[in-house]
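Structural overview
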Amino acid sequence: MTGMEAGLLLQTEIEAGLIPQTGLEAGLLLQLGLGALAVLTALTAAPFLRSRAVGILCTLIAVTGFLTGLVAMLGGTGGLRISIALPMDPLLLAPDRLGGLFMLIVSGVGILVSLYSMSSTHGPDASRTAWVAMPVFLVGMQLVPAATDSVSFLLALEIMTLGSTVLLLADHASRATVASAGIWYSAMSQLSFFFILAGFAVLAAASGGTSFSTPQAIEPGPANVAFVLFLLGFGGKAELVPLHVWVPRVLPEAPSHVSAAMSGAMVKIGVYGGLLVCVRLLPDGPAWWGIAIMVVGGASALYGILQASVSSDLKVLLAYSTTENMGLVFLGLGASLLLRGYDATAAADAALVAALLLAVSHAAFKSTLFLGAGAIIHATGERNLDRLGGLGARMPVTAAAFGVASLGAAAIPITSGFVAEWMLLQSLIHGGRLDGAVVSVTASVAMPLAVAVIALTAGLALLTFVKAYGIAFLARPRSAEAAKAREVPPLMQLSLALGALFVLALGLLPGPIAALVGHTVSSNPSAAVQSIGLGGVSLPGIGAVLDPIMLVVLSALVAIPVIVSIIVSARGHPHRTVDLPWGGGGSRARPRMQYTATSYAEPLVRVFDDVLKPSRDVQVTHVAESRYLVERVRVEQRVSDVFETRLYRPVLNLFQRYGIVVRHVANGSIHRYLSYSFVALLIVLIVVSL
Amino acid sequence: MNAVISAIIIAVVQVVLFVFLAPLLIGVIRQVRATIEGRAGAGIWQPWRDLRKLLAKDPVRAAESSWMLRAGPVALTVSSLLLCVLLPLVGTISFLTIPSDLFVVVSVMLIGVVALALVGLDGGTAFGGMGSSRHMTVAALVEPTLLLSVYALSIPAGTSTISAIVETRLLSPEIIISPVSVLALVALSIAIMAETGRLPVDNPGTHLEVTMLHEAMTLEASGRDLAWLEVGSWLKLAALLGLVSNLAVPWGVVTDFSALGLAVGVVSIAVKVLVLGVMLSIGEIFLAKVRLFQVPELLAGSFALAFLAVTASYLVA
């Protein structure tokens, strides 16, 4: 176990010093140093320099994190040991392979976001406070996977949450929704933090230490309690149902580069936490853990994509789709736990690698999508799809990058999302049987159900992203703002293009990447996943192969005759351009007659009426002379979050009522407060004397 | 003979055969329907004449339409051609690094689905958007059935590679009439009918806005754009019918490469697809298109069949 080796090395080798002993130590120190420098620069730099200067430093922080993560993922050992004055163990930052992978993911997104934010931020987003928070957020995120004891883990987690909260609130003065989002975010992230803290406390009490690298056999009782607490805590961080309620409020309201970092990177910390618990801290859990994770993951995937598919707000759509993707990741993780319990090792390994690949590919495509949404907002000031349209011709680079990332999100070949989902499905359909025999009744019901959930999710994701891309970038502009849109500045284009390239590269060369990722979780990675052909991937344990480059070659070959005949036909018959589309003969010049995002999803709203519970409001204004003639019809449809209205509202109302009652208890009278403290003191004395 | 070379030959034969067969299949389906309904019909070669006509016309495009109107139809045709390469239609010998994996095949088909839906949206008309929206809704709801039914078929073979599934059924034909296989095939057929826009989900012969899915998306396309949309859809129908026929009646498929075997394979798949087309056409006469909002019920029914098939094959077998 690499973690254990790293721990042993730490004990013997590393004493805090100014001269770094290993690459990892140097990388971690450099990140902290650059972070401090960036904060100082943000505080002191002149406003016109601030975005550039701190943006460059943030990029450097992310690049350092990327390289450090790479070293750790390739098996580098060593780390940082920070002695503290408090009477407890020193803080240890020594990422193992898995931590390295997540450091890589988080800082990869960080690079894109930092580049983008240099030219995207303006107004309150570029304030001193916001730029101080940015490096804090990045460093915090990059340190969480490096932490090898629970104290530094929690510390880094809180630094990350603090940074992101400040960034979210940057624009609170101009929009009231931001403040409300801030309250939800703080409450929910502290709730998650509480669960994680409690989980670590249970673990520390049972094992007698805070370090991750000394795994000890833990009694089933505390292990189960810790597991449930961790599932709630990290589930909240990873936006899983029913702890996802902050997502549709926070991600849309944050500045787009921050939403990209939150959804692309911060959410992965929840995934990392899940893996940390299931693979490292509490390995070999009972079967019901796997089932619990699968249920939560499957429910999140379905609910998330359903909400995303009916949403007309581009950023809300992307936010819910994050819940969906994280649901799939946890579904893979749960399936892997369940299958390992039945000794279906090959399928379990494949499921785990698939979950990791999903996380990697989600980081690539979702950050690109959020940055693309930011570019749309930058160009039009609109994030309501119903008022967009025709942006493809006006913003070609954004359109291309958003298109590629949408294909990734819809799991279409040759993008990263496809490979990950393919691997997950392969592991599931081979999981039900081991050497021809049925492994268990549970698995024979769980696996087909999981396949069905993934299939429905994939189908709805297809619709969602056809809608998002088609309505925003194709057809005619639905508003004056969309008609006036111009392409965003070059630096934003660059980071969009980089993100899209990542999506394609991960999809075209999955083999080497999957093999690398396999090393981080499997003791015998070459049995789980191998690289074949030109970057193709093979799962030797279950006999499945996929070579996306071959797929490209084949499509190029069959496309040749088609393209030749087009060229021949185009020579004799050039196309004619007309002003207006035909529209079945009934088209008028008004672009408002086009389908909108709301109308696009209308059939789905009807089909899933019972789950979504839409509220519809139709107002008909008649012409004054006759009630048979209609002057205008106003239709308003709102799809609210069922979990929020049914689960959170009652609890919040309860607290509100409690607050009203408590007002009588604390009515401001000093005598009453003194008597309270007297009674409290009395109780303490009695308890102590017993 | 070398496996790679025979795989290449079979792929080329499949593509050429199905490019020829697909318009013929549509012609046969329409002619059978016309004959039974007491009409004269246009003859089985009419789709070929339509194609020749469309390719020799100037395409008309709206000024605000984008490159999607040109590229989408080509993408649809290419995805359908890829289906013809990947699926075991004439023979089960497939490429080593890109076998006829079920999930890959479905995703390749989805490329075409997406391309068609985007073409529908690109026109910027109410019709196109409506067709696109309905088409994607059906596609989303079909996917669980599609994957689960082939999952059920894959369990006896122990792999999701469709050529291996066909070979297993050829070796032990009793699998074909097992209840699991019948359930899965029925579910798969319903899914394919929905996916290719046949009755009772979509009416391929109508131009009324209340009924149409596929036609609405192609309204803005003309000339060669329309030609590729039509060819792509026909090829998809032909390839998927070929898949169903090879799963139900696998005999005649080439498993060991030889010239004679290849000839038999070509003839047998052509006959199977055309016979299935005739059956489809006769079946469609007795069916009315269901309301759009009853389609989910139909698909839920087929999903239940597929789910039953999978669990039964685990628990009963």
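Under an unreviewed UniProt entry, chain B has the name Formate hydrogenlyase and belongs to Cryobacterium gelidum. According to the UniProt record, the Subcellular location (unreviewed entry) comment for chain B reads "Membrane".

Brief notes about the overall build of chain A
Looking only at helices and strands, one finds 27 helices and 10 strands in chain A. Computed over C-alpha atoms, the radius of gyration of chain A comes to 27 Å, within 12% of the 26 Å expected from 2.2 N^0.38 for 690 residues, which places it in the range of a compact globule. With respect to the principal axes defined by its C-alpha atoms, chain A has extents near 90 × 75 × 60 Å. Out of the 690 residues belonging to chain A, those deemed buried represent 57%. Intrachain contacts of chain A at a sequence separation of at least 6 include 79% that bridge at least 24 residues.

Some remarks on the overall build of chain B
For chain B, the count of helices and strands is 11 helices and 1 strand. Ordered by position from the N terminus, the helices and strands of chain B form the series α-α-β-α-α-α-α-α-α-α-α-α. Compactness check: chain B gives a C-alpha radius of gyration of 19 Å against a globular reference of 20 Å for 317 residues, within 12% of the reference. The dimensions of chain B, computed from C-alpha atoms along their principal axes, are 55 × 45 × 45 Å. Expressed as a percentage of the 317 residues in chain B, the buried residues total 63%. Expressed as a percentage of contacts within chain B between residues at least 6 apart in sequence, the contacts between residues at least 24 apart total 80%.

Examining the packing of helix H2 (residues 23-44) of chain A against helix H5 (residues 128-143) of chain A
All names here are of chain A. Running from amino to carboxyl end, H2 crosses H5 at an angle of 170°, the nearest separation of the two axes being 8 Å. Taken as axis vectors, H2 and H5 run roughly antiparallel relative to one another. For the pair H2 and H5, contact is made by Gln 31, Leu 32, Gly 35, Ala 38, Val 39, Ala 42 and Leu 43 and by Arg 128, Trp 131, Val 132, Pro 135, Val 136, Val 139 and Gln 142, respectively. Its residues assigned to classes, the contact of H2 with H5 shows 10 nonpolar, 3 polar and 1 charged.

Quick notes on the packing of helix H13 (residues 345-380) of chain A against helix H15 (residues 396-409) of chain A
All names here are of chain A. Between H13 and H15, the least distance of the axes is 9 Å, while the angle of their chain directions is 145°. In the packing of H13 onto H15, the handedness of the crossing is left-handed. Every residue of H15 that contacts H13 at Ser 361, Ala 364, Phe 365, Thr 368, Leu 369, Gly 372, Ala 375 and Ile 376 is listed here: Thr 398, Ala 401, Phe 402, Ala 405, Ser 406, Gly 408 and Ala 409. The residue makeup of the contact of H13 with H15, split by class, is 9 nonpolar, 6 polar and no charged.

Quick notes on the UniProt feature "transmembrane region" (unreviewed entry) in chain B
Within the UniProt annotation, "transmembrane region" (unreviewed entry) is assigned to residues 6-29, 74-96, 102-124, 136-155, 175-194, 234-253, 259-286 and 298-316 of chain B. Taken end to end, residues 234-253 of chain B comprises 75% helix and 0% strand; its first and last C-alpha atoms sit 22 Å apart.

Focus: the interface of chain B and chain A
The interface of chain B with chain A comprises 71 residues on the first partner and 71 residues on the second. Those elements that place two or more of their residues in the side of chain B that touches chain A are strand E1 (60-62), helix H3 (68-86), helix H4 (102-122), helix H5 (126-157), helix H9 (223-248) and helix H11 (295-315) of chain B. It is H5 of chain B that provides the largest number of residues to the side of chain B that touches chain A, a total of 18 residues. The residue makeup of the side of chain B that touches chain A, split by class, is 44 nonpolar, 17 polar and 10 charged. Relative to E1 of chain B, strand E8 (residues 576-578) of chain A runs parallel, the two sharing 3 bridges.

Observations regarding the sheet that holds strand E7 (residues 544-546) of chain A
Within a sheet, each strand pairs with its neighbour through backbone hydrogen bonds, oriented either parallel or antiparallel. Residues and elements named next belong to chain A. The strand order across the open sheet built from 3 strands is E5-E6-E7, with neighbouring strands paired in antiparallel fashion. On the outer flanks of this sheet lie strand E5 (530-532) and E7, each paired with one strand and no other. Averaged over all pairs of adjacent strands, the angle between their axes in this sheet comes to 25°, without regard to strand direction.

Notes on H11 of chain B
In a regular helix each residue adds 1.5 Å, so 21 residues correspond to 30 Å; H11 of chain B covers 30 Å between its end C-alpha atoms and thus fits that length. Among the residues of H11 of chain B, Val 295, Leu 299, Ser 302, Phe 303, Leu 305, Ala 306, Phe 307, Ala 309, Val 310, Thr 311, Ser 313 and Tyr 314 of chain B are the ones counted as buried. On its buried side, H11 of chain B packs onto strand E4 (437-438) and helix H17 (441-473) of chain A together with H5 and helix H7 (179-195) of chain B.

Describing the nonpolar core
Counting 351 residues, the largest nonpolar core has Ala 350, Val 353, Leu 357, Val 451 and Leu 462 of chain A together with Leu 148 and Ala 238 of chain B as its most contacted members. For this core, the element with the most residues is H13 of chain A, which contributes 24 residues. Every residue in contact with Val 353 of chain A, bar those within four places of it in the chain, is listed here: Met 423, Ala 514, Val 517, Gly 518, Val 521, Ala 528 and Val 529 of chain A.

Points about the pairing of strand E10 (residues 630-638) of chain A
All names here are of chain A. When you tally the buried positions in E10, you get 0 out of 9 residues, a small fraction of the element. As defined by bridge partners, strand E9 (residues 615-622) adjoins E10 across 8 bridges and the pair is classed as antiparallel. Bridge pairing links Thr 621 to Arg 632 in E10.

A word on helix H22 (residues 548-572) of chain A
Here H22 of chain A contains 25 residues, and its C-alpha end-to-end distance of 36 Å stays within 8% of the 36 Å for a straight helix at 1.5 Å per residue. In the structure, H22 of chain A departs most strongly from a straight axis at Ala 559 of chain A, where the bend amounts to approximately 35° and where the proline Pro 561 of chain A lies between one and four residues downstream.

What about the environment of Phe 473 of chain A?
All names here are of chain A. One can find Phe 473 in helix H17. Looking at Phe 473, the number of C-beta atoms within 10 Å reads 29, which means it is buried. Measuring from C-alpha to C-alpha, the distance between Phe 473 and Phe 66 comes to 33 Å, with 407 residues separating the pair along the chain. Residue contacts for Phe 473: discarding those within four places in its chain leaves Leu 391, Gly 392, Ala 399 and Phe 402.

With respect to the pairing of strand E6 (residues 536-539) of chain A
Residues and elements named next belong to chain A. Alternating residues of E6 divide into Gly 536 and Ser 538 and Val 537 and Leu 539, and every residue in both groups is buried. Looking at chain direction, E5 and E6 are connected through 3 bridges and run antiparallel. Bridge pairing links Gln 530 to Ser 538 in E6. Where E5 hands over to E6, the hairpin turn is made up of 3 residues, of which Gly 533 adopts a positive phi near 55°. As paired strands, E6 and E7 are joined by 3 bridges and run antiparallel to one another. Counterpart to Leu 539 in the pairing with E7 is Ala 544. Taken together, E6 and the strand that follows it, E7, pair antiparallel across an intervening segment of 4 residues, in which Gly 543 is found at a positive phi of about 65°.

Some words on the environment of Leu 104 of chain A
All names here are of chain A. Along the polypeptide, Leu 104 turns up in helix H4 (residues 97-120). Taking the C-alpha atoms as reference points, Leu 104 and His 362, 258 residues apart in sequence, are found 13 Å from one another. For Leu 104, the contacting residues outside a window of four places in its chain are Phe 66, Gly 69, Leu 70 and Met 73.

Overview of unusual backbone geometry
Residue and element names in this part refer to chain A. In this structure, the amide linkage connecting Val 241 to the following residue, Pro 242, adopts the cis form with an omega of 0°. Here Pro 242 shows up in the loop between helix H8 (220-237) and helix H9 (247-253). Here the bond from Pro 413 into Ile 414 is cis, since omega is -15°, no more than 30 degrees from zero. Among the structural elements, Ile 414 can be located in the loop between H15 and helix H16 (416-429). Its identity as a non-glycine residue notwithstanding, Glu 239 has a phi of 65°, on the positive side. Mapped onto the secondary structure, Glu 239 falls in the loop between H8 and H9.

What about the environment of Ala 475 of chain A?
By the secondary structure assignment, Ala 475 of chain A is in the loop between H17 and helix H18 (480-483). The buried category is assigned to Ala 475 of chain A, around which 32 C-beta atoms lie within 10 Å. Spatially, the C-alpha atom of Ala 475 of chain A lies 54 Å from that of Gly 79 of chain A, the residues being 396 residues apart in sequence. Look past the residues within four positions of Ala 475 of chain A in its chain and what remains in contact with it is Gly 389, Gly 390 and Gln 594 of chain A together with Leu 121, Asp 122 and Gly 124 of chain B.

Rules used in this analysis
- Residue numbers run consecutively from 1 along every chain, following the written order of its sequence.
- Chain A is the first chain written and ligand 1 is the first ligand written, with later ones labelled in order.
- Local features in this predicted model are restricted to residues of pLDDT 70 or higher, and side-chain atom pairs are both shown and tallied only at a pLDDT of 80 or more, whereas totals for entire chains, interfaces and linings draw on every residue.
- UniProt positions are given in the numbering used here, feature names are shortened, and annotations may be inferred rather than shown by experiment.
- Numbering goes from the N terminus for both helices and strands, where a helix is a DSSP run of H or I of at least four residues and a strand is a run of E of at least two.
- Atoms considered for the radius of gyration are the C-alpha atoms alone. The globule rule reads 2.2 Å times the number of residues to the power 0.38.
- Here a residue counts as buried when 20 or more other C-beta atoms sit within 10 Å of its C-beta, as exposed when there are 12 or fewer, and as partly exposed otherwise, the C-beta atoms being derived from the backbone.
- Contacts here follow a simple rule: the backbone-placed C-beta atoms of the two residues must lie within 7 Å.
- Only the stretch in contact is used when fitting a helix axis, every axis being a line fitted to C-alpha atoms; angles between N-to-C directions are given from 0 to 180 degrees.
- Oblique is the label for every angle not falling under 35 degrees (roughly parallel), over 145 degrees (roughly antiparallel), or within 65 to 115 degrees (roughly perpendicular).
- We call Asp, Glu, Lys and Arg charged. Ala, Val, Leu, Ile, Met, Phe, Trp, Tyr, Cys and Pro are nonpolar, and the rest, Gly among them, are polar.
- Should the near helix be turned anticlockwise from the far one by less than a right angle, the crossing is left-handed, and should it be turned clockwise, the crossing is right-handed.
- Following DSSP output, two strands are said to pair if at least two bridges run between them.
- Helices are assigned an expected span. That span is 1.5 Å times one less than the residue count.
- By our criterion, buried Ala, Val, Leu, Ile, Met, Phe, Trp, Tyr and Cys residues that link up through C-beta atoms within 7 Å make up a nonpolar core.
- To obtain the bend at a residue, axes are fitted to the seven residues ending there and to the seven starting there, and the angle between these axes is taken.

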